[in-house]
Each structure stands twice: as structure tokens, then as C-alpha cells.
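Topology and contacts: notes
One letter stands for each residue in the lines below.
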Amino acid sequence: MSLSSERRVNTSALKKIAADMSNLIENLDTRELHFEGEEVDADVLNDPKTTVGIPFSAIYNTQGFKEPHIQTYLTGCPIKVRVLEVERFTSTKKVPSPNVYTIEFTHGEFTWQVKRKFKNFQEFHRELLRYKAFIRIPIPTRSHTVRRQTVKRGEARQMPSLPRTSENMVREEHFSSRRKQLEDYLTKILKMPMYRNYHGTMEFIGVSQLSFIHDLGPKGIEGMIMKRSGGHRIPGLNCCGQGRVCYRWSKRLSPEIFMKRPVVEGNRWRLDCILKRKAQQGVRIFVMLYKEVELALGINSEYSKRTLMRLHPNIKVMRHPDHVSSSVYLWAHHEKLVVIDQSVAFVGGIDLAYGRWDDDEHRLTDVGSVKRIPGTKSTSTVNLTPTAESTEALVLKTQSLGNLPQHRNSDDILDSSRMKGIGKPKKFSRFSIYKHLQKHGLHHADSVSSIDSESGYCNPSRSQQNLIQSLKPHLKMFHHPTGSKQGLTECEDDKGSIRSLKTGVGELLGETRFWHGKDYCNFVFKDWVQLDKPFADFIDRYTTPRMPWHDISSVVHGKAARDVARHFIQRWNFTKIMKPKYRSLSYPFLLPKSQRTASEMKYQVPESVCANVQVLRSAADWSAGIKYHEESIHNAYVSVIENSKHYIYIENQFFISCADDKVVSNKIGDTIARRILKAHRDSKRYRVYVVIPLLPGFEGDISTGGGNALQAIMHFNYRTMCRGDNSILGQLKAEIGDQWINYISFCGLRTYAELDGNLVTELIYVHSKLLIADDNTVIIGSANINDRSMLGKRDSEMAIIVQDTETVPSVMDGKDYKAGRFAQSLRLRCFRVVLGSSADLSADLQDPVSDRFFKEVWVSTAARNATIFDKVFRCLPSDEVTNLAQLRDFIAKSKLVTQDAAKAAEELKKIHGFLVQFPFRFLDEENLLPSVGTKESMVPMEVWT
């Protein structure tokens, strides 16, 4: 198009524009004035067949407000305009535009309203005239010339006219005519691509690139944000040359977490390989890692971040917080979340880290290998992981794309001669439970076993060993493959030496290996070493049992999943704003999907149950950028316990409560005591079941804090349960004496096995964070029962509270009862796991309140199991050990398992399940708080509570 083919432009108008060209260009931003297309006939616009939606993924590709080629409108869909009403404002002063018009726009499924004065129409009209004139001017720049050439010859650009009558002259009876004139004006403008796609038009009608995305819900009020220019904050500087001098850095580490067990398809179901595969398919993956205090916790999350982001550009990783600049030293991000497409969310206590995968069997041993039976065929997918609500393992399911290349690397086969003196148990000052546990009946060896050469697993090449560090303690993802549950069928021959697993990849023959290399662990005996060789064993699995892991997680759909996603998005955007390094466009802001589309679930985890679900959290200014802290998890625990009518069942990693207004503040323990006392005064049956670890610890790495740290946590656990007037039993005994035994039971979990011809035992580490009440309410999350998790201002946490809407016939306290479908099934599953799944217990488990179950099944089983374990193994912790002198004598005495192995084996046959009574008197004559002079004594007491 040239000037010769156009109508002559008014000379005075051109001079006027040229006089202030620099200002005009600045305002219009010539780089972004590109438009394309031609006049679209109304019939085409109204063709419903051409209407398409804008996918949610478009939010990741948003451009500048004035950028060309942006997709704002729905294709082939008209914009309908209605001027609904006119509001007239009268005043003693002269008002140039006293009328406000309410304008309704409809575009596909979206309807929205804006309010404009007539003067706004006049300003908009003048801007379009300037734009029309400007696009005709042959500015000698290549970009402008190209843009001018995109306007096709003959394209209709004749602008409609605005009414010329002054607003003050329009009488009320003429409002209807004025409304129709403005409707026609906007309708014509919005039919012309040249003007419809102009950013000034989009601003006038209030639309943007995010307006018509279905999953964002209804069209909202949008507009440009005016930003005041300002300086840049100076972040805190790390000491000693950014940490390179102060600390000894190590790769801690890089675990390869297999999401399906046993491992029979190489690296296909390894977490980092799954993430890379999904990223290559176009999935956007957002990960948030807790940035540790390097001096206190050596998990080196920086290594995790680098390794994950090297996998694919679609993977973005942030770490938070910056401890120095934010003055957050003591608290951590403790939540464990996985969110897929804002439609499915996993919430619970399971870390994606070494040693966490487990099932109902809680195996102590894993020494064999997996072999395919000749002639079997593999299928495209495999789901092998046995999962249970009480020992939930996160299982991922996706379409098979073929196995990744497999290579064998001799460097990954650990040379035991190079391990001499490496990785021995840490020596703690003063009294150390671990030191005595290691000496007591369990033999430590430095030699290690390599992976069986006939194993179905092949080690990766060195190039594949740039792996993610242990995602302990806190990994959250925005997109992720969804989960599934599958059963595991095991058959043993008469000799009991061979197991056959029927799986989706064909039948497997041999002793199955579930934990490879560093994943076979027992942190009571040894901290992880040589983590750069993840598939080399670091403890001898022929002499040392692993420590089983008891945990739980949940999966939610619909609106609850939306809320979990909103929490993650809030934290992500807060971190992006706060940390300058994340302000680049490569780290996008995230947007939540609308709750209105939450019911449009494209996929669900099988066997899901309909229920009312509320998302809970512990969050504060430092963790989520909110003004007032939130402790809804704490509030929910207190409320559920207060309002429970029959029983509560608790599994938790810690039990630190009972407020004294000095050291401990959360009120969960006090609420339990008050609820029991109320039941006693009302002469009602009421039961409290508490299952916690026999020895408490940190997140999978007790030895980080040393023996003094363990003792400090033990002190507060015992203080909550039974020691002192503020304890639960202290409060109960003061009012009802020894009758407390009819209301509450404290237990731990323990198991045994035969390992290379020897009987061995180990505690089962309870990592769950679970509360079930009255077979109708459940709380599952990441929050421990302590101040760190519950108060909101400290560690960040997430949880859900589930209230059943579907009921099943049951029995409660000997009477007919409508139990919640989900809560009861979960409680029964937990009870069967810890008590043993023998058929004769089925009837007894139904009523958790009856004397028959509470006394003759639960309490009796726990007491019998504890007595047998003490008799055979002389286990620690033990009620026989009340001080350190007794501890030495206890260890010196011989055990039945070494005196008479055959008799010991007969005794162990009497054990049912894993439940054991908690030893209340263990070291009750000792002060377990850190002694003066130790590094733990200098740490604020809040760290332990």
C-alpha cells in the first residue's frame, strides 16, 4: 500500500502528528502496532463450528500487552455488545460527562461488564483516529514498513462515527437512542480486525490474553497496573566468599528414587527420568525446594536445582528462603505436595527420598535379585507398587515410551576395600542411644554387597548420573504424572525360598529386590556415604536389617486439588517476587484455575471416595508472604478432638504438646486430656489410640543433630505423654488415678526377620501424620504434633481434613452406627497393618470402642508383643532401663536369641502384627535435655519443640 493509492491525508493533521511524533511513538509503541487480517463478515463470525477455546497452557506463553500475534479472542466467535443502563450523576458543579454507561459484552461462554463515560468514548475514538493516521505514515523503519504491508488492499477501515450531541444536552427520554448509538459504534469497531486487535481497544473493553481461557473461570475485571519506579533491595551476603570457605561441600546427594518396585525396566520409572520424559512431551514442571541452612543440614539443594534444570528447559526450580537476608534460620518448608494440572493433588507426609518406599509388610531384608521367567512377555505399562492408606507410596502411571538406553558402569559396583573406615556410626558426646543400639545385638560391618549381576536392573552410564539430590525434605511440583494403585501377588513354594511375582511385565522369579544401593538404609546404624554412587550398597544387607518406614499420603481431586494448587502458586509467585534471580521471564508467574471448572475431572485415581475435603495449612509471612499467619491444621486437630464422640486414632512422627505457656504452646495434648476427663465424668466409653516411633528423630537423618538432639526430642515426647504435671497422664492421674488405662494407649511399631540365618529385629519408623475420629473424619498431611508444625509461624505445612458424605452400616460401642465409608476403611486398614491381618480379628476390628477390642485385642496384643521382643532380643528402649547404670547392665546380659535360637524362633511365632507397648519408664531418672557446653544446648529450645 502506498500514499498514491490512498486518499490524501489532511496536511494540517499530518503536521500536527509530526510535531509530536516522538511522544506519539512512545505512547503507541511502534514495535507493537502490528495487526493483521481483514474485515470479517458477520456470518463467518457467527459460525459456531469455528469457535475454539484457548488452552490453559497459553498462560505460560503470555507476551507484552502490546506485542503482535497475541491470541486474545476466541477464533471465529463474535463479540456481542449491549449498553444496559445509564446512570446520571447530578451535581451543583459543572460535570462535562455526567452519564455512566454500563456495557455488557458476550464472547462465547464469557460475559462481562464495564462502565464508561461518554468522555471515555471520545478519548478512545481520538486514539483510534491517531492510530489510523499513524499507520498510513511511511516511517522509514523496516519494522514499520513490514507492518504497513500486512494491511491488505481494500480492507475496510472506515471508522464509525460517534454521536456529536453534548452529554449535557441529552435528555432522559433520549437515553435509549444514545445507548443504541454507542452499541452500534462498538459493534462495528469490534468487527474490524484492524481496530479489534489494537491494544487500545482491548484496554477499553477490558480484555487481555488471560480473559478467555476456560480453566481460569469467568471473565474478571482486568487492567494495566501502574508501577512506581524504585530501587533494588540488597540481598544478604553469604559469609566467607559465598560459602566456599566456611563449609565442606559434598553432593548430598543425588538419590535415584524409583517410583515402581521392584525395578525391572531399567531407569524408566526413576523420578528424574519420569520428569524428563514428561518435560519432553511438553509438560511444564515447577519444583520448589527448601533452601537449607548449610551449616545445619547438608542436603545441598543447590545440586538438586542444577541437576533438575539441566534435564529440560520445561523444568523450573526455585529454592526458598534466603536465610541471611530474610532472617529465617530456624524454620523450614516441611510440606510435601505433588499437583498435576491443578486437577489432582497428593498431600501427605511422604518425602521423595531414600528409604521412604515401603508397603504393608515392612520388610527388614532385601538381599535377592529379580529375574524374568523365560518365555514371558512384557506389556507397555507396569504397576507393581503395593500401597495402603497407612503406608502410602506415591505411584506414578504414564504411557510407556520404550525403555531408556541401559549401560553398565563398573564404577557403580562398590569396592569394599575402598570402604574401610568410611561411614562408621557417628560418636556422640555424653549418652548416645545410637551408640548403645549399635553395640546391642546388631553387628555392624564395613563390607557391602554389590548388586547381583543377574539383577533385572542395569546401572546407568556416567552421563546419566547427573541426578537429582535427595528431594528430602520438601519437594513440590505443579505438574506430574498421575497415580494409580495396583496389587502385588506373591506365591511361595513349599521350601519358602523362591517367590514368583505376577506383574504387568511378565512373571518374575527369584528373591525380589525392592531397595537398590543407598535406598537400602538404616539411619540408626549409619549415615549415608558415597552418595555419588547411588547404586552401591553402603551397609551390608546380609548382616544389617533396613529400617522400615510407616507413612501415609492422600490424593484429592476437584476443588480441593485446586486449593492445593493455589497454595503452591501463592508460594511460587511470592518467591519469584522476593528473590531477584527469579524475576526474569524464564520463571513465569503462575495462575490458578477457576473453581468453576474443578468438577471437569479428566482423570481420577482409581478407588477414590466422594467426601467433603477442606485444605489446611501452616503458613506465615516468611513462608507464603501472607500478612497474618495461618494455623488451620492446629485448629482442625483441636476442633476434631473436642467434638469427637467415640474415639480418636493418631499416627505421628512426634508427640510434643501440652501447653505450659513457656516452652510448648500447641493445645492438642491438653485437648485430649480434657476430652477423656469429660467422657469419665459423663460415664461414657471413649478411646484414644496413639502410635509414634519408639525412638523419635529428624526427617530421615537423626544423626544430623547427634545424640543430644535425639535426647532433647525424647524429653519433650515423654513430657507430653507421661512425665510431669502438664503431661496427658499427669493431668489424668490427678483426677481419675489409674483409670486412665481405660481411655488411652500409647504404642510403637517393631518387627523381626531372619537375615542370613540369624534372627534380627528393628523398630518401624512411624513418619505418618494422621488423625481419624469416630469413623467419619480424617486429617492427613505433613504436620507433626509439635509447635514447629502447628503454630503456623514456624515450619510450613499442608494437610487435608476429610468428612465423609457416604456411610456404611457398622457398630460403635455395641450399637448400630453409620460409619463414613472413607474414614472407616482407612481405620480398618491401619488396624489390620499394625495388629496383623489374621482372619480371626475381622469381627473384633469393627467396633473400636468396645472393651473387647480395646482391652483384649489392642492393649493385649501390644503388651504381648513387647514382652516377647524384650525376652528374645532385649530391645531398647525398655522399661527395665531407667538410668545409665541400668543401661550398661542391660546391655551386658545375654539374650535368648543368642542362647537358644530355636526357642527364640518359637517365641517369635506368638507375635501378631507390629504393635508394641510404649516404654514409659525408659531413662525416666535421667535429664535428657542437652547438657551445658554442647552445641545443642546453645540452640533455642523452640528447635526441639
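Residues numbered from 1 in each chain as written. Predicted model: local features only at pLDDT ≥ 70, side-chain atom pairs only at ≥ 80, totals over all residues. Heavy atoms only, no water.

Overview of the overall build of the chain
Secondary structure summary: the chain contains 26 helices and 27 strands in total. Split into buried and exposed, the 945 residues of the chain put 56% on the buried side. Within the chain, counting contacts between residues at least 6 apart in sequence, those at least 24 apart form 78% of the total. (Helix = DSSP H or I, 4+ residues; strand = E, 2+ residues; numbered from the N terminus. Buried < 20%, exposed > 50% of the residue type's maximum accessible area, 1.4 Å probe, protein only. Contact = heavy atoms within 4.5 Å.)

Observations concerning the packing of aromatic side chains
Overall, the coordinates contain 35 aromatic pairs when judged by the stated rule. The interplanar angle of 70 degrees and the centroid separation of 5.1 Å between the aromatic rings of F286 and W572 together place this pair among those described as edge-to-face. Linking F286 in strand β4 (residues 285–290) with W572 in helix α14 (residues 558–578), this pair joins segments that are 286 residues apart in sequence. Note on F286: relative accessible area 0%, which makes it buried. (Phe/Tyr/Trp six-rings, centres within 6.5 Å; stacked < 30°, edge-to-face > 60°.)

Remarks on the sheet that holds strand β3 (residues 110–117)
Taken in spatial order, the three strands make up an open sheet running β1-β2-β3, and their pairing is antiparallel. Strand pairing shows two members of the sheet lacking a second neighbour, β1 (79–88) and β3, which therefore form its edges. Across the sheet, the mean angle from the axis of one strand to that of its neighbour is 20 degrees, orientation sign disregarded. One ladder, built from eight bridges, connects strand β2 (residues 99–107) with β3; its direction is antiparallel. Within β3, the residue paired with H107 across the bridge is F110. Relative to the sheet, helix α6 (residues 175–191) contacts β1 and β2, its axis offset from that of β1 by approximately 150 degrees. (Pairing = 2+ DSSP bridges. Axes fitted to C-alpha atoms, helices over the stretch in contact; angles between N-to-C directions.)

Points about unusual backbone geometry
In this model, R261 is joined to P262 through a cis peptide bond whose omega is -5 degrees. With respect to the helices and strands, the residue P262 is situated in the loop between α9 (239–242) and α10 (271–280). Omega for the bond connecting L876 with P877 falls within 30 degrees of zero, at 0 degrees, which places this linkage in the cis form. In this fold, P877 is placed in the loop between α23 (851–873) and α24 (884–892). Of note in this structure, S683 is not a glycine but carries a positive phi near 55 degrees.

Quick word on a nonpolar patch on the surface
On the surface, I577, M578 and F589 cluster together to form a nonpolar patch covering roughly 280 Å² of accessible area. Within the secondary structure, F589 sits in the loop between α14 and β15 (611–619). A residue is classified by how much of its surface remains accessible, and F589, at 45% relative accessible area, is partly exposed. (Patch = residues over 30% accessible without salt bridge, like charges linked within 9 Å, V, L, I, M, F, W, Y side chains within 5 Å. Areas by Shrake-Rupley, 256 points an atom, 1.4 Å probe, with all protein chains shown as cover. Salt bridge = Lys/Arg side-chain N within 4 Å of Asp/Glu carboxyl O.)

Section: the confidence of the model for the chain
Per-residue pLDDT for the chain has a mean of 75; in total, 68% of the residues score no lower than 70. Across residues 376–506, confidence stays below pLDDT 50; counting only partners more than four residues off in sequence or on other chains, it has 418 contacts. (pLDDT = per-residue confidence, 0-100.)

So, the pattern of salt bridges
A full pass over the atoms with the stated rule returns 33 salt bridges. Across the pair R685 and D813 runs a salt bridge, and its minimum N-O distance is 3.0 Å. With a gap of 128 residues between them, R685 in the loop between α17 (668–681) and β18 (687–691) and D813 in the loop between β25 (807–812) and β26 (815–820) connect regions that are remote in the sequence. Residue classification places D813 among the partly exposed residues on the basis of a relative accessible area of 25%. Between D924 and R921 there is a salt bridge whose closest N-O contact spans 3.7 Å.

Let's talk about the packing of helix α4 (residues 118–136) against α6
With their axes 13 Å apart at the nearest point, α4 and α6 run at an angle of 30 degrees to one another. What the angle tells us is that α4 and α6 run roughly parallel. For α4 against α6, the interelement crossing comes out left-handed. The residues of α6 that touch α4, namely those facing F118, F121, F124, H125 and L128, are R178, L182, Y185, L186 and I189. (Parallel < 35°, antiparallel > 145°, perpendicular 65-115°, else oblique. Left-handed = near helix turned anticlockwise from the far one by under 90°.)

Focus: the environment of V287
Relative to the elements of secondary structure, V287 occurs in strand β4. Using a relative accessible area of 0% as the deciding quantity, one classes V287 as buried. Put simply, V287 and W572 are 285 residues apart on the chain and 8.9 Å apart in space, counted from C-alpha to C-alpha.

So, the side chain of D215
On the secondary structure map, D215 appears in the loop between α8 (199–205) and α9. Here T597 takes part through its side chain, which lies 3.2 Å from a polar atom of the side chain of D215. Beyond its immediate stretch of four places on either side in the chain, D215 contacts F56, R562, K593, S594 and T597. (Polar contact = N/O pair within 3.5 Å; in protein donor to acceptor, adjacent residues only side chain to side chain.)

Some thoughts on the environment of M812
Position of M812 among the secondary structure elements: in strand β25. When the C-alpha positions of M812 and S850 are compared, they lie 7.5 Å apart, and in sequence the two are 38 residues distant. What M812 contacts, discounting residues up to four positions off in sequence, is H646, Y647, D774, D775, Y817, D847, P848 and V849.

Focus: the nonpolar core
Of all hydrophobic cores here, the largest spans 71 residues; its most connected members are I648, F655, I672, I728, L732, I744 and F746. Once residues lying within four places of it in the same chain are set aside, the contact partners of I672 are I641, I648, I650, F655, V688, I728 and I744. I54, Y131, M202 and Y582 belong to the second largest nonpolar core, which has 52 residues in total. (Core = buried A, V, L, I, M, F, W, Y, C linked by side-chain atoms within 4.5 Å.)

Considerations on the pairing of strand β19 (residues 744–755)
With 10 of its 12 residues buried, β19 lies for the most part within the structure. In this structure, β18 lies alongside β19, joined through four bridges in parallel fashion. In the sheet register, Y689 faces β19, and the bridge partner there is S745. Across three bridges, the pairing between β19 and strand β27 (residues 915–917) is antiparallel. Opposite C747, over in β27, you have Q917 as the bridge partner. Here six bridges tie β19 to strand β20 (residues 758–763), and the two strands are oriented antiparallel to one another.

Re the packing of α17 against helix α19 (residues 728–736)
Two elements in contact, α17 and α19, have axes separated by 9 Å at closest approach and are oriented at 25 degrees. Our classification of the angle between α17 and α19 gives roughly parallel. For the pair α17 and α19, the sense of crossing is right-handed. From α17, G669, D670, I672, A673, I676, L677, H680 and R681 reach across to α19, where they touch I728, Q731, L732, E735 and I736. Partitioning the contact of α17 with α19 into residue classes produces seven nonpolar, three polar and three charged. (Nonpolar A, V, L, I, M, F, W, Y, C, P; charged D, E, K, R; others polar.)

Some remarks on the pairing of strand β22 (residues 769–773)
In terms of burial, β22 is largely enclosed, as five of its five residues are buried. Sheet topology places β22 next to strand β23 (residues 777–781); four bridges connect them, and they run antiparallel. Counterpart to L770 in the pairing with β23 is I780.

Side note on α14
Here α14 spans 30 Å end to end across 21 residues, near enough to the 30 Å set by a 1.5 Å rise per residue. A large share of α14 lies buried, amounting to 15 of its 21 residues. (Expected span 1.5 Å × (residues − 1).)

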